[in-house]
Amino acid sequence: MNTHDKDDPAPGDRTVRADEDTRGRGLSDHTQKRIGLHLRAMYDTVVQQPVPDRFRDLIAKLEASPPDEATS
C-alpha cells in the first residue's frame, strides 16, 4: 500500500522540485552588490601591497634570459 497520494510527491521529490524552482534565478542585485563590497574590502589590502623583491628579481632574470629555442 502506498502512503503517498498520487498528487503528493515523495519527500525526495520535493527537494528536487524546490531546486528546479530556484535554478536560473541567480542572486539578487542587492546580494551581488554586498558580496562585491565585501570582496573588495577583503582584497584591497592585498592589492596595495608591494611586489616582493624575490618576484622582481625573478622577472628581471626571465626578461634578461634568451628565449628558449625549444618552444619556437
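Residues numbered from 1 in each chain as written. Predicted model: local features only at pLDDT ≥ 70, side-chain atom pairs only at ≥ 80, totals over all residues. Heavy atoms only, no water.

1. Comments concerning the overall build of the protein
Operational definition: Labels follow the DSSP assignment, with helices taken as runs of H or I lasting at least four residues and strands as runs of E lasting at least two, numbered in each case from the N terminus.
Broken down by element type, the protein carries three helices and zero strands. In the protein, the succession of helices and strands from N to C terminus is α-α-α.

2. Side note on helix α3 (residues 53-64)
Definition in use: Given a helix with a known number of residues, its expected span is that number minus one, times 1.5 Å. Burial classes: relative accessible area under 20% of the type maximum marks a residue as buried, over 50% as exposed, and values in between as partly exposed (1.4 Å probe, protein chains only).
Taking 1.5 Å of rise per residue, the twelve residues of α3 would be expected to cover 16 Å, and the 16 Å separating its terminal C-alpha atoms lies within 8% of that figure. Within α3, only zero of the twelve residues are buried, which leaves it mostly out in the open.

3. Thoughts on helix α2 (residues 29-48)
In plain terms, the rule: Given a residue, its bend is the angle between the two axes fitted to the seven residues that end at it and to the seven that start from it.
Spanning 20 residues, α2 covers 28 Å between terminal C-alpha atoms, matching the ideal 28 Å at 1.5 Å per step. The largest bend in α2 is about 35°, located at M42.

4. With respect to the confidence of the model for the protein
How we decide: Per-residue confidence from the predictor is given as pLDDT, running between 0 and 100. Note on contacts: a residue pair qualifies if any of its non-hydrogen atoms lie within 4.5 Å across the two residues.
Of all residues in the protein, 61% have pLDDT values of 70 or greater, and the mean over the chain is 77. When mean pLDDT is taken per element in the protein, α3 scores highest with 94 and helix α1 (residues 11-22) scores lowest with 51. Scored below 50 in pLDDT, residues 16-20 makes one contact in the model with residues more than four places away or belonging to other chains.

5. Quick word on the packing of aromatic side chains
Centre distance and the angle of the planes are the two values used to describe a pair of aromatic rings. To keep it simple, the criterion reads: Aromatic rings from Phe, Tyr and Trp, taking only the six-membered ring of Trp, are treated as a pair when their centres fall within 6.5 Å; an angle between ring planes under 30 degrees marks them as stacked, one over 60 as edge-to-face, and anything in between as tilted. The rule is short: NZ of Lys or CZ of Arg within 6 Å of the ring centre and within 35 degrees of the ring normal puts a charge over the ring.
Counted by the stated rule, this structure contains zero aromatic pairs. Sitting over the ring of F55, R54 keeps its end group 5.3 Å from the ring centre.

6. Some thoughts on a nonpolar patch on the surface
What counts is decided by this rule: Surface patches are drawn from residues lacking salt bridges whose relative accessible area is over 30%; two like charges belong together within 9 Å, two nonpolar side chains (Val, Leu, Ile, Met, Phe, Trp, Tyr) within 5 Å. Here, Shrake-Rupley sampling with a 1.4 Å probe gives the accessible areas, and only protein chains in the shown set may cover a residue. For this analysis, a salt bridge means a side-chain nitrogen from Lys or Arg found within 4 Å of a carboxyl oxygen belonging to Asp or Glu.
On the surface, L27, I35, L39, M42, Y43, V46 and V47 cluster together into a nonpolar patch covering about 700 Å² of accessible area. Along the chain, L27 turns up in the loop between α1 and α2.

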